[in-house]
Amino acid sequence: MGRKSLYLLIAGVLVAYYIYTPLPDNFEEPWKLIWLNSYLKTFLHLATFVEMLGLNHFMDSLMFFMSFDEVPPTSDENVTVTETTFNNIPVRVYVPKRESEALRRGVFYIHGGGWCLGSAALSNYDLLSRCTADRLDAVVISTNYRLAPKYHFPAQFEDVYNALRWFLRQKVLAKYGVNPERICVSGDSAGGNLAAAVTQQLLHDPDVKTKLKIQSLIYPALQPLVLDSPSYQENSHYPRLYKSLMVRFWSEYFTTDRSLEKAMHSKQHIPMESSHLFKFVNWSSLLPEKFKKEHVYKNPTYGSSEMAKKYPGFLDVRAAPLLADDNNLRGLPLTYIITCQYDVLRDDGLMYVTRLQNAGVQVAHNHVEDGFHGILSTLTFKISNRLLNQYISWLSENL
Ligand SMILES: *[C@@H]1O[C@H](CO)[C@@H](O)[C@H](O)[C@H]1NC(C)=O
Ligand SMILES: *[C@@H]1O[C@H](CO)[C@@H](O)[C@H](O)[C@H]1NC(C)=O
């Protein structure tokens, strides 16, 4: 075999490898997802390689690739877009241009990216906030927050909470013409995690007089205790959130020490002293039958208490909102939850639906049968636009 054909062969194998994507049969527009996924795989491998060489942290490389997708705050014919800070946290503000006699709805949005990646400036988040402001005639605040690996829990939580508390002050709401009785906190993925966490925290904050009307949790991550629920098992290799990446995100939220990630993979991160927490994340009792399928519930395994002592954050309710007991769920606002069938985080959302309902919280659950993780932040798919329409019209009826 000549050198040329050898190179051709290698190139062919590589292309096939990057394009190969396991997908469910019923998937609409598979080629679009395969294309997107081959990008993702390439970036993940490059970032892994650069990290192996000791040149840059995995997440910093991914953040660098993503930064090309950021857009400036540009107003359009319908929405004025500006940047400012709330309590020193940078936020993007979207205000509809059309005249309004009445006070507007307010949406406080928290982007996803595994507590490590992303920003309000990413083109897809910018588009989502713009659409929300325009179609809902709402003031949208899209917040940033400090990210891992530079900053760990609770920095992300605290930034979001501080920006939200700033927004909820009478003076600020009045400045933007927002009706204090029509405010929603919304976020996707890690942003859904932060949305659930700050909404819980607000319940017990005597300094904040404004009450949220709605929390909207879009395929949220809600707990790092059980990383082998049926949805983790079924979807661990589906785009766009592999189990391996999700476990890395979880561990990076608390530390750059990779031993936590290892312990999470081998289910050795929870100490025996915390066994009482498993009832809050028990998929066997909390998932509806149809999602359990042939999966067999195994009792939790425990490790030494070393991890939890060093990194107590992963057992903290501000990082794992599913760990709140019923008393701390009671009184939460009307909740909208989106879950996707082909998503490792599906069961986190499903379990929260059950837990909230058991605590008497009103829940509207939108399960997307052919959905995959991240559909609402990639508005190029037909399914994404359908979901966006559902999300906006639910908000327009209920907020
Ligand atoms: C602005 O609103 C009009 C009327 O709803 C719509 O047709 C147009 O596409 C909007 N422009 C942008 C940039 O979204
Ligand atoms: C989980 O729920 C099942 C019943 O659905 C029960 O048998 C099991 O003991 C529970 N495990 C824990 C750790 O709560």
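Everything below is about the structure printed above this text.
Residues numbered from 1 in each chain as written. Chains lettered and ligands numbered in written order. Predicted model: local features only at pLDDT ≥ 70, side-chain atom pairs only at ≥ 80, totals over all residues. Heavy atoms only, no water.

Engineer: Got a minute to help me understand the site of ligand 2 in this structure?
Structural biologist: Looking at ligand 2, the residues that line it are Phe-278, Lys-279, Asn-282, Ser-284, Ser-285 and Tyr-297. A distance of 2.3 Å is found between an oxygen atom of ligand 2 and a side-chain nitrogen or oxygen belonging to Asn-282. Considering ligand 2 on its own, with 370 Å² of exposed area, one finds that the protein chains cover 52% of that surface. (Near = heavy atom within 4 Å. Polar contact = N/O pair within 3.5 Å; in protein donor to acceptor, adjacent residues only side chain to side chain. Areas by Shrake-Rupley, 256 points an atom, 1.4 Å probe, with all protein chains shown as cover.)

Engineer: Got a minute to help me understand the environment of Arg-182 in this structure?
Structural biologist: Within the secondary structure, Arg-182 is located in strand 5 (residues 178-188). The exposure class assigned to Arg-182 is partly exposed, which follows from its relative accessible area of 28%. As a C-alpha pair, Arg-182 and Gly-106 span 76 residues in sequence and 6.3 Å in three-dimensional space. With residues up to four places along the chain from it excluded, the contact list for Arg-182 reads Arg-105, Gly-106, Lys-213 and Leu-399. (Helix = DSSP H or I, 4+ residues; strand = E, 2+ residues; numbered from the N terminus. Buried < 20%, exposed > 50% of the residue type's maximum accessible area, 1.4 Å probe, protein only. Contact = heavy atoms within 4.5 Å.)

Engineer: Would you mind showing me how to read the environment of Glu-397 here?
Structural biologist: Its place among the elements puts Glu-397 in helix 16 (residues 382-398). In this structure the C-alpha to C-alpha distance between Glu-397 and Leu-136, which are 261 residues apart in sequence, comes to 9.8 Å.

Engineer: Any chance you could explain the site of ligand 1 here in plain terms?
Structural biologist: Surveying the vicinity of ligand 1 reveals the residues Asp-76, Glu-77 and Asn-78. Here a nitrogen atom of ligand 1 and a side-chain polar atom of Glu-77 are 3.1 Å apart. With respect to ligand 1, the side chain of Asn-78 contributes an N or O atom lying 2.4 Å from an oxygen atom. In the complex, the protein chains occlude 34% of the 360 Å² of accessible area that ligand 1 would expose alone.

Engineer: Where do I start with the sheet that holds strand 2 (residues 89-96) in this structure?
Structural biologist: In a beta sheet, neighbouring strands pair by backbone hydrogen bonds and run either parallel or antiparallel. The eight strands lie next to each other as 1-2-4-3-5-6-7-8, forming an open sheet whose pairing is mixed. Because the sheet does not close on itself, it has two edges, and the strands there are strand 1 (79-86) and strand 8 (363-372). If you compare each strand with its neighbour and ignore which way they point, the axes differ by 20° on average. Summarising the sheet, strand 3 (residues 104-110) and strand 5 pair through six bridges and their orientation is parallel. Bridging from a neighbouring strand, Phe-108 pairs with Val-185 of strand 5. (Pairing = 2+ DSSP bridges. Axes fitted to C-alpha atoms, helices over the stretch in contact; angles between N-to-C directions.)

Engineer: Teacher, can you tell me more about the pattern of salt bridges here?
Structural biologist: Where side chains of opposite charge bring their charged atoms close, a pairing between them can arise. Taken as a whole and assessed by the stated rule, the structure comprises 25 salt bridges. In this structure, Asp-137 engages Arg-104 in a salt bridge whose closest nitrogen and oxygen atoms are separated by 2.8 Å. Residue Asp-137 is located in the loop between helix 4 (123-136) and strand 4 (138-143), and its partner Arg-104 is located in strand 3; the two are separated by 33 residues in the primary sequence. Asp-137 gets classed as partly exposed once you look at its relative accessible area, which sits at 22%. Among the salt bridges present, the one from Asp-159 reaches Arg-146, with a minimum N-O distance of 2.9 Å. Separated by 13 residues along the polypeptide, Asp-159 in helix 5 (residues 155-167) and Arg-146 in the loop between strand 4 and helix 5 bring together distant segments of the chain. By relative accessible area, which is 6% here, Asp-159 ends up buried. A cluster of three or more residues bridged by salt bridges with shared partners is formed by Glu-51, Arg-248, Glu-252, Arg-258 and Glu-261. (Salt bridge = Lys/Arg side-chain N within 4 Å of Asp/Glu carboxyl O.)

Engineer: Would you mind going over the layout of surface pockets with me for this structure?
Structural biologist: A probe as big as a water molecule, rolled over the atoms, marks out the empty space that is left. Size it by volume and the largest pocket reaches roughly 900 Å³. Going through the elements one at a time, helix 2 (30-52), helix 3 (58-67), helix 4 and helix 9 (243-254) are the ones with two or more residues in the lining of the largest pocket. No other element matches helix 2, which puts five residues into the lining of the largest pocket. Of the residues contributing to the lining of the largest pocket, the split by class is 20 nonpolar, eleven polar and three charged. Approximately 390 Å³ is the volume found for the second largest pocket. Around the second largest pocket, the lining comprises 17 residues; the ones closest to its centre are Lys-41, Leu-44, His-45, Tyr-242 and Ser-244. Of all the secondary structure elements, the ones that give two or more residues to the lining of the second largest pocket are helix 2, helix 9 and helix 10 (258-265). With five residues, helix 2 is the largest single contributor of residues to the lining of the second largest pocket. Taken together, the residues of the lining of the second largest pocket break down into seven nonpolar, six polar and four charged. (1 Å grid on protein atoms, 1.4 Å probe; cavity = no way out; pocket = protein on both sides within 12 Å on 5 of 7 lines; lining within 4 Å. Points joined across faces, edges and corners; volume = space filled by probe spheres on them. Nonpolar A, V, L, I, M, F, W, Y, C, P; charged D, E, K, R; others polar.)

Engineer: Teacher, can you tell me more about the nonpolar core here?
Structural biologist: One recurring pattern in soluble globular proteins: nonpolar side chains tend to sit buried together. Counting 92 residues, the largest nonpolar core has Phe-167, Met-246, Trp-250 and Tyr-352 as its most contacted members. Apart from residues lying up to four places away in sequence, Met-246 is in contact with Trp-115, Ala-221, Tyr-232, Leu-241, Val-344 and Leu-345. Of all hydrophobic cores here, the second largest spans 38 residues; its members include Val-79, Ile-383, Leu-387 and Ile-392. (Core = buried A, V, L, I, M, F, W, Y, C linked by side-chain atoms within 4.5 Å.)

Engineer: Got a minute to help me understand the pairing of strand 2 in this structure?
Structural biologist: A regular strand places its side chains so that they alternate between the two faces of the sheet. Summarising burial for strand 2: six of the eight residues are buried, a large majority. Sheet analysis places strand 1 next to strand 2, joined by eight bridges and oriented antiparallel. In the sheet register, Thr-82 faces strand 2, and the bridge partner there is Val-93. The loop that links strand 1 with its antiparallel partner strand 2 comprises two residues; one of these, Asn-87, has a positive phi angle of about 60°. Pairing geometry for strand 2 and strand 4, over four bridges, is antiparallel. If you follow Val-91 over to strand 4, its bridge partner there is Thr-143.

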